[in-house]
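An overview of the molecular structure
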Amino acid sequence: MGRLVRDPEVRYSHGPEQIAVARYTLAVNRRFKRQGEQDADFIQCVAFGKAGEFAEKYFKKGQMVSVIGRLQVRKWDDHGTTRWSTDVVVEEQYFAESKAAAEGRSGSEKQTGPSQDGFYPIDESIEDDDLPF
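Remember, it's a predicted structure, so these values are computed and weren't measured experimentally. (Residues numbered from 1 in each chain as written. Predicted model: local features only at pLDDT ≥ 70, side-chain atom pairs only at ≥ 80, totals over all residues. Heavy atoms only, no water.)

1. Quick look at the overall build of the protein
- Helix and strand counts for the protein stand at two helices and six strands.
- The secondary structure elements of the protein, listed N-terminal to C-terminal, are β-β-β-β-α-β-β-α.
- In the protein, which comprises 133 residues, the share counted as buried stands at 21%.
- A separation of at least 24 residues holds for 50% of the contacts in the protein among residues at least 6 apart in sequence.
- Split by element, the accessible area of the protein, about 10,600 Å² in all, is 50% carbon and sulfur. (Helix = DSSP H or I, 4+ residues; strand = E, 2+ residues; numbered from the N terminus. Buried < 20%, exposed > 50% of the residue type's maximum accessible area, 1.4 Å probe, protein only. Contact = heavy atoms within 4.5 Å. Areas by Shrake-Rupley, 256 points an atom, 1.4 Å probe, with all protein chains shown as cover.)

Right, here's the structure in full:
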């Protein structure tokens, strides 16, 4: 689970049946940090087919996303240099924060009515004695 570093990059395969291939990077916070180390890891993810189309349509830079998948290690030769890449091949992907929280992060004002999930914000000033039951 982490935040999208940028909008997903989506390409479509060639051939009779085009398949969406979405690539995106998640910045995943580390629990522990040593002196001088970065405090996040950047995990490369790739989603195929419907999952790729979903990422293209709904995922945006900065969103908190959770993925389930498998690790895939690729090896290739680049002009005499052996290169390695480790990606998470996405099998399932989910939004990991509410839409209101994501919009709040982007600078929108606090909601006073019901949120998208149907709940009202709690008013901390209400005392138990004020409740009718």
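2. Structural notes on the pairing of strand E3 (residues 20-29)
- Two strands pair when backbone bridges link them, and strand E1 (residues 2-4) and E3 are joined in this way by two bridges, in the antiparallel orientation. Bridge assignment links Arg 3 to a residue of E3, and that residue is Ala 27. (Pairing = 2+ DSSP bridges.)

3. Topic: the pattern of salt bridges
- In this structure the tally under the stated criterion is six salt bridges.
- We note a salt bridge from Glu 97 to Arg 3, for which the minimum N-O separation is 3.3 Å. Taken together, the residues span a long stretch of sequence, with Glu 97 in the loop between strand E6 (81-95) and helix H2 (99-105) and Arg 3 in strand E1 at a distance of 94 residues.
- Here Arg 3 falls in the partly exposed class, since its relative accessible area comes to 28%.
- Two residues, Arg 23 and Asp 87, come together in a salt bridge whose shortest N-O distance is 3.7 Å. Residue Arg 23 is found in strand E3, and its partner Asp 87 is found in strand E6; the two are separated by 64 residues along the sequence. (Salt bridge = Lys/Arg side-chain N within 4 Å of Asp/Glu carboxyl O.)

4. Looking at the packing of aromatic side chains
- On inspection of all chains with the given rule, the structure shows six aromatic pairs.
- Here the aromatic rings of Tyr 58 and Phe 95 are separated by 6.5 Å at their centres, their planes lie at 85°, and the arrangement is edge-to-face. Of this pair, Tyr 58 sits in helix H1 (residues 50-58) while Phe 95 sits in strand E6, and the two are 37 residues apart along the sequence.
- According to the relative accessible area criterion, Tyr 58 is partly exposed, its value standing at 39%. (Phe/Tyr/Trp six-rings, centres within 6.5 Å; stacked < 30°, edge-to-face > 60°.)

5. Structural notes on the side chain of Asp 87
- Taking relative accessible area as the criterion, Asp 87 reaches 3% and is therefore assigned buried.
- Looking at Asp 87, its side chain comes within polar contact range of the side chain of Ser 85, at 3.4 Å.
- Look past the residues within four positions of Asp 87 in its chain and what remains in contact with it is Arg 23, Gln 44, Val 46, Arg 70, Leu 71, Gln 72 and Arg 74. (Polar contact = N/O pair within 3.5 Å; in protein donor to acceptor, adjacent residues only side chain to side chain.)

6. Section: the confidence of the model for the protein
- Predicted confidence across the protein gives a mean pLDDT of 83, with 79% of residues reaching 70 or more.
- When the criterion is pLDDT under 50, residues 108-112 qualifies, and its contacts beyond four places in sequence or with other chains add up to four contacts. (pLDDT = per-residue confidence, 0-100.)

7. Focus on unusual backbone geometry
- Of note, the phi angle at His 79 is positive, near 55°, even though the residue is not glycine.
- Along the polypeptide, His 79 turns up in the loop between strand E5 (64-78) and E6.

8. Section: the environment of Asp 39
- Here Asp 39 shows up in the loop between E3 and strand E4 (40-48).
- For Asp 39, a relative accessible area of 46% gives the class partly exposed.
- Taking C-alpha positions, Asp 39 is 9.5 Å from Ala 27, a pair spaced twelve residues apart along the chain.
- When sequence neighbours within four positions are dropped, the list of residues in contact with Asp 39 reads Val 28, Asn 29, Arg 30 and Lys 33.

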